[in-house]
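Here is how the chains run, residue by residue.
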Amino acid sequence: MTEVLTLASGSKIRSELLSKARIDHRIEPARVDEEAVRESLDAEGASPRDLADALAEMKARKVAGRGMPGLVLGCDQVLAFGEEVFSKPEAREEAAEQIRRLRGERHQLLSAAVLYEDGAPVWRHVGTARLYMRDVSDDFLEGYLDRNWPDIGESVGGYKLEAEGVRLFTRIEGDHFTILGLPLLQLIDYLVLKGVLPS
């Protein structure tokens with residue numbers, strides 16, 4: 001069967017979400033210097049939403065530029081704490097510091113998706129979720145990190161809601177798929193409207 005789209009990402013969770021929704025796809029990771037893009041956009045005063053959208057578009061554009069047929073999907077997720085943007089923690093202590101700063105506070109996850117076709121963007125969406133973190137104790141935090149590092153290093157904020165990370169939160173406002181990094185419902189709406197998926 002022909003793939004519906006090309007996922008410009010090596011993200012396992014995004015590919016799993018597409019597969020579980022029975023959206024056939026191929027995986028073609030985009031290689032972009034995300035840190036350089038973040039620094040450049042930060043210097044321009046870009047909002048976290050604009051940053052997520054720009055990174056998603058850059059990934060889609062890069063893979064589409066390789067001559068991929070059909071639709072190419074670029075995605076990115078940004079954690080915004082006020083106007084500050086967090087990156088994925090590279091070390092256990094960095095994950096601990098992120099959680100210490102977020103505990104007892106509210107932050108946002110912004111998940112952007114951009115579709116390219118024939119070298120141009122044809123659809124985009126940025127989903128927003130608001131998360132309220134429990135004021136967890138230092139003892140719980142240390143145990144949590146012992147049990148979950150380095151796995152949580154793949155996730156900005158140092159948590160995975162689909163695992164023990166859910167215990168860090170008191171309230172979540174927003175779409176489950178947006179939290180996992182892919183605004184899946186909105187993507188499906190577009191693919192159905194375009195006739196790529198049956199209605």
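Since this is a predicted model, take the numbers as computed values, not measurements. (Residues numbered from 1 in each chain as written. Predicted model: local features only at pLDDT ≥ 70, side-chain atom pairs only at ≥ 80, totals over all residues. Heavy atoms only, no water.)

K.L.:
Give a detailed account of helix α4 (residues 92-102), specifying residues and quantitative values.
P.N.:
Every buried residue of α4 is accounted for by Ala95, Ala96, Gln98, Ile99 and Leu102. End-on view of α4: buried residues confined to an arc of 160 degrees, all on one side of the axis. Each element contacted by the buried residues of α4 is listed here: β3 (71-81), β4 (84-86), β5 (106-117), β6 (120-133) and α5 (138-148). Count one or two residues on from α4 and you reach Gly104, which has phi positive near 75 degrees. (Buried < 20%, exposed > 50% of the residue type's maximum accessible area, 1.4 Å probe, protein only. Helix = DSSP H or I, 4+ residues; strand = E, 2+ residues; numbered from the N terminus. Arc of directions from axis to C-beta. Contact = heavy atoms within 4.5 Å.)

K.L.:
Help me get a handle on the UniProt feature "active site" (unreviewed entry) in the protein, residues and values and all.
P.N.:
As recorded in UniProt, the feature "active site" (unreviewed entry) lies at Asp76. Among all residues touching Asp76, those that are not within four sequence positions of it are Arg14, Glu34, Arg38, Ala52, Leu55, Ala56, Lys59, Leu110, Ser111 and Ala112. Side chain to side chain, Asp76 and Lys59 meet in a polar contact 2.7 Å long. (UniProt positions renumbered as here; feature names shortened; annotations may be inferred. Polar contact = N/O pair within 3.5 Å; in protein donor to acceptor, adjacent residues only side chain to side chain.)

K.L.:
How would you summarise the pattern of salt bridges if you had to cite specific residues and measurements?
P.N.:
Summed over the entire model, instances satisfying the criterion amount to 19 salt bridges. Here Arg100 makes a salt bridge to Glu93, at a shortest N to O gap of 2.9 Å. For the salt bridge of Glu164 with Arg147, the shortest nitrogen-to-oxygen distance reads 2.7 Å. Of this pair, Glu164 sits in the loop between α5 and β7 (169-173) while Arg147 sits in helix α5, and the two are 17 residues apart along the sequence. (Salt bridge = Lys/Arg side-chain N within 4 Å of Asp/Glu carboxyl O.)

K.L.:
Which residues make up the side chain of Gln98, and what values do they have?
P.N.:
Take Gln98: it is sitting in helix α4. A polar contact is formed between the side chain of Gln98 and the backbone nitrogen of Gly157, at a distance of 2.9 Å. Those residues in contact with Gln98, other than ones at most four positions away along the chain, are Phe86, Ser87, Lys88, Pro89, Val156, Gly157 and Gly158.

K.L.:
How would you sum up the packing of aromatic side chains? Please name residues and give values.
P.N.:
Following the criterion strictly, the structure yields 4 aromatic pairs and no others. On the numbers, 6.0 Å between centres and 70 degrees between planes, the contact of Phe81 with Phe86 is edge-to-face. Comparing Phe81 with Phe86, the two get one shared label, buried. Note on Phe140 and Tyr144: the rings are 6.3 Å apart at their centroids and 15 degrees apart in plane angle, and the pair reads as stacked. Linking Phe140 with Tyr144, this pair stays in helix α5, spanning 4 residues, or about one helical turn. (Phe/Tyr/Trp six-rings, centres within 6.5 Å; stacked < 30°, edge-to-face > 60°.)

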